[in-house]
Amino acid sequence: IKKVFGIQPAIKWINDIYVKNDGVLKKAAGILTEGITNFETGQIESAVIGIGINIKSSEEIEKSQAKAIAGYLLKTTDSAPSRALFISQIAGEVFKIFEEPAEKVIAEYKSLMFLLGQTLTVYPLIGDEKTAYEATAIDLDQNAGLVVELADGTKKTLSSGEVTLHRQH
């Protein structure tokens with residue numbers, strides 16, 4: 001996004017990409033991944049990655065409730081760069097991630113996150129907890145787990161789930 005569109009993206013843990021539209025951070029892309037792990041070695045053998053990106057806004061979005069949260073890379077009047085160029089840039093960046101040391105990837109990811117220091121509502125997907133709770137995002141661990149601190153000082157590391165900000169930027 002930055003190389004092709006000249007826009008600095010921000011990350012909402014764990015898989016959402018936000019950009020500023022009219023000064024407000026809005027979700028412009030989402031990434032879904034599914035890994036297949038070899039249980040004998042513990043290594044990921046393959047991964048399926050799905051990426052959805054809003055290049056431009058549309059009349060449907062502008063007239064819907066999604067307008068408040070849906071972001072886009074270009075205004076409807078802007079001309080878009082070649083989709084082939086953009087797709088090849090994305091593919092190249094994904095392949096570079098596999099060649100980089102994990103520490104470098106995590107450091108870059110963390111530098112682009114906008115949740116750190118923010119109060120969140122956590123919606124757990126896995127584990128014993130069934131209800132949402134409040135916590136403050138304090139760190140990202142070496143496995144991309146979101147480290148949160150509860151009001152009582154207890155720290156948890158999230159490896160899945162959904163988080164939302166109490167206040168949008």
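Residues numbered from 1 in each chain as written. Predicted model: local features only at pLDDT ≥ 70, side-chain atom pairs only at ≥ 80, totals over all residues. Heavy atoms only, no water.

1. What to know about the environment of Ile69
Then, number 1: Within the secondary structure, Ile69 is located in the loop between helix H2 (59-62) and helix H3 (83-99).
Then, number 2: Overall, the relative accessible area of 55% leaves Ile69 in the exposed class.
Then, number 3: Setting aside residues up to four positions removed in sequence, Ile69 forms contacts with Lys26 and Lys27. (Helix = DSSP H or I, 4+ residues; strand = E, 2+ residues; numbered from the N terminus. Buried < 20%, exposed > 50% of the residue type's maximum accessible area, 1.4 Å probe, protein only. Contact = heavy atoms within 4.5 Å.)

2. Side note on the pairing of strand S5 (residues 119-123)
Then, number 1: The pairing of S5 with strand S6 (residues 133-140) spans four bridges and is antiparallel. Counterpart to Val122 in the pairing with S6 is Tyr133.
Then, number 2: Bridge count for S5 against strand S9 (residues 162-165) is four bridges, and the pairing is antiparallel. In the sheet register, Tyr123 faces S9, and the bridge partner there is Glu162. (Pairing = 2+ DSSP bridges.)

3. So, unusual backbone geometry
Then, number 1: Following Trp13, the chain continues to Ile14 via a peptide bond in cis, the omega torsion being 5°.
Then, number 2: Among the structural elements, Ile14 can be located in the loop between strand S1 (10-12) and strand S2 (16-21).
Then, number 3: Non-glycine residue Asp22 carries a positive phi angle of around 55°.
Then, number 4: Here Asp22 lies in the loop between S2 and strand S3 (24-37).

4. Section: the pairing of S2
The two faces of a sheet get side chains in turn, since along a regular strand they alternate between them.
Then, number 1: S2 sits mainly inside the fold: five of its six residues count as buried.
Then, number 2: Strand direction decides the pairing type here: S1 and S2, joined by three bridges, are antiparallel. For Lys12, the partnering residue across the bridge sits in S2 and is Asp16.
Then, number 3: Remark: three residues form the turn of the hairpin made by S1 and S2, two consecutive strands paired antiparallel.
Then, number 4: From the end of S2 to the start of S3, which pair antiparallel, there are two residues, and Asp22 there has a positive phi angle of about 55°.

5. Observations regarding the sheet that holds S1
Then, number 1: Across the sheet, four strands lie side by side as S1-S2-S3-S4; this open sheet has antiparallel pairing. Both outer strands of the open sheet, S1 and strand S4 (44-53), are each paired with one neighbouring strand and no more. Averaged over all pairs of adjacent strands, the angle between their axes in this sheet comes to 30°, without regard to strand direction. (Axes fitted to C-alpha atoms, helices over the stretch in contact; angles between N-to-C directions.)

6. Side note on the sheet that holds S5
Then, number 1: The strand order across the open sheet formed by five strands is S8-S7-S6-S5-S9, and the pairing between neighbours is antiparallel. Strands at the two margins of the open sheet, each flanked by one partner only, are strand S8 (155-158) and S9. For this sheet, the mean angle separating the axes of adjacent strands, direction not counted, is 45°.
Then, number 2: With four bridges joining them, strand S7 (residues 146-149) and S8 adopt antiparallel strand pairing. Across the sheet, residue Val148 finds its bridge partner in S8, namely Lys156.

7. Focus on a nonpolar patch on the surface
Then, number 1: Among the surface-exposed residues, Ile49, Ile51, Phe95, Ile97 and Phe98 lie close enough to one another that they form a single nonpolar patch of about 500 Å² accessible area.
Then, number 2: Sorting elements by how many residues they give to the nonpolar patch places H3 first, with three residues.
Then, number 3: Take Phe98: it is sitting in helix H3.
Then, number 4: For Phe98, a relative accessible area of 57% translates into the label exposed. (Patch = residues over 30% accessible without salt bridge, like charges linked within 9 Å, V, L, I, M, F, W, Y side chains within 5 Å. Areas by Shrake-Rupley, 256 points an atom, 1.4 Å probe, with all protein chains shown as cover. Salt bridge = Lys/Arg side-chain N within 4 Å of Asp/Glu carboxyl O.)

8. Some points on H3
Then, number 1: Between its first and last C-alpha, H3 extends 25 Å over 17 residues, near the 24 Å set by a 1.5 Å rise per residue.
Then, number 2: Capping of H3 at its N-terminal end is provided by Ser82; its side-chain oxygen lies 3.2 Å from the backbone amide nitrogen of Ala84. (Expected span 1.5 Å × (residues − 1). Polar contact = N/O pair within 3.5 Å; in protein donor to acceptor, adjacent residues only side chain to side chain.)

9. Notes on the confidence of the model for the protein chain
Detailed reading of the predicted coordinates is not advisable wherever pLDDT is low.
Then, number 1: Chain-level pLDDT for the protein chain is 90 on average; 96% of the residues reach the 70-or-more range.
Then, number 2: Mean pLDDT values for the elements of the protein chain range from 82 in H2 up to 97 in S7. (pLDDT = per-residue confidence, 0-100.)

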